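What the coordinates show
As a plain string of letters, each chain reads:
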Amino acid sequence: MPILEGGDLPDRRSSRRWDPARNFGRPRNVGGARHGLHTGCTVPPNIAASLVMENRTLCMPTSTDSIPNKSNQEDHISQATWSARKACMVIDNMYKIIGVEFLCACQAVSLIEKDMKGLKLGKVTSKAYALFRSRVPMVVEDRYMYPLIRDAVELVRSGKLLEEAGIHLLH
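A brief look at the structure comes next. (Residues numbered from 1 in each chain as written. Predicted model: local features only at pLDDT ≥ 70, side-chain atom pairs only at ≥ 80, totals over all residues. Heavy atoms only, no water.)

**Focus on the overall build of the protein chain**
For the record, the criterion: Here a strand is any run of E in DSSP of at least two residues, a helix any run of H or I of at least four, and the numbering for each starts at the N terminus. Per-residue accessibility, obtained with a 1.4 Å probe over protein chains only, is compared with the maximum for each type, and a residue is labelled buried under 20%, exposed over 50%, and partly exposed between these values. Here, Shrake-Rupley sampling with a 1.4 Å probe gives the accessible areas, and only protein chains in the shown set may cover a residue.
Helices and strands together make up the secondary structure of the protein chain, namely 6 helices and 0 strands. Counted from the first residue to the last, the protein chain has its helices and strands arranged as α-α-α-α-α-α. Expressed as a percentage of the 171 residues in the protein chain, the buried residues total 36%. For the protein chain, the exposed area adds up to about 10,700 Å²; of that, 58% sits on carbon and sulfur atoms.

**Describing helix 2 (residues 43–58)**
Applied cut-off: Multiplying 1.5 Å by the residue count of a helix minus one yields the expected span of that helix. Comment: arc refers to directions from the helix axis out to C-beta atoms.
Between its terminal C-alpha atoms helix 2 stretches 23 Å, which fits the 22 Å expected from 16 residues at 1.5 Å a residue. Where helix 2 is concerned, the buried positions are Pro44, Pro45, Ala48, Leu51, Val52, Asn55 and Leu58. For helix 2, the buried positions fall inside an angular range of 130 degrees around the axis, keeping them on one side. In helix 2, those exposed residues whose orientation departs by more than 90 degrees from the buried face are Asn46 and Thr57.

**Side note on the pattern of salt bridges**
Note the threshold: Throughout this description, the term salt bridge denotes a Lys or Arg side-chain nitrogen within 4 Å of a carboxyl oxygen of Asp or Glu.
A full pass over the atoms with the stated rule returns 4 salt bridges. Note that lysine 96 is salt-bridged to aspartate 92, the shortest N-O span being 3.1 Å. You can see lysine 96 and its partner aspartate 92 sitting in helix 3 (residues 80–112), 4 residues apart, about one turn around the helix. In this structure, aspartate 151 engages arginine 150 in a salt bridge whose closest nitrogen and oxygen atoms are separated by 3.2 Å. Assessed through its relative accessible area of 26%, aspartate 151 is described here as partly exposed. In the salt-bridge network here, residues are joined through shared partners; they are Asp92, Lys96, Glu154 and Arg157.

Here it is, written out as structure tokens:
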């Protein structure tokens, strides 16, 4: 998982999917069939971008916050606890950012499936897509996005998408 970059890569990949100048003809904001008030998947990328910014702040060196301790005998206190807590927060945010990326990627695939003219997803991608779609439906009209985002994040966090790809991580 690309922790050091704070989630920039999945966020940037997702942004391409709703930019009409770069998304190969998909509807703006990878919206569904209904247009007008329907805004597509605009909320999830905003959440991911916010989490990326939070991760950038969390990834700042903890040593910059050091203060003297023990009657000024020690000029640096241990930042290990705070560093570990920040790392856990970054990892938690990464699950959310990648969950949003899957949500937007699957939305984009769902929108062009009928136009793929015999082209198929790869074997592993097809399995991951099918598993994702079995838990998270396509967005076809305006709706409350939290349940979809929650389900996407939990699917990523569970490791089941990786297992579909034949990747098994130690927990």
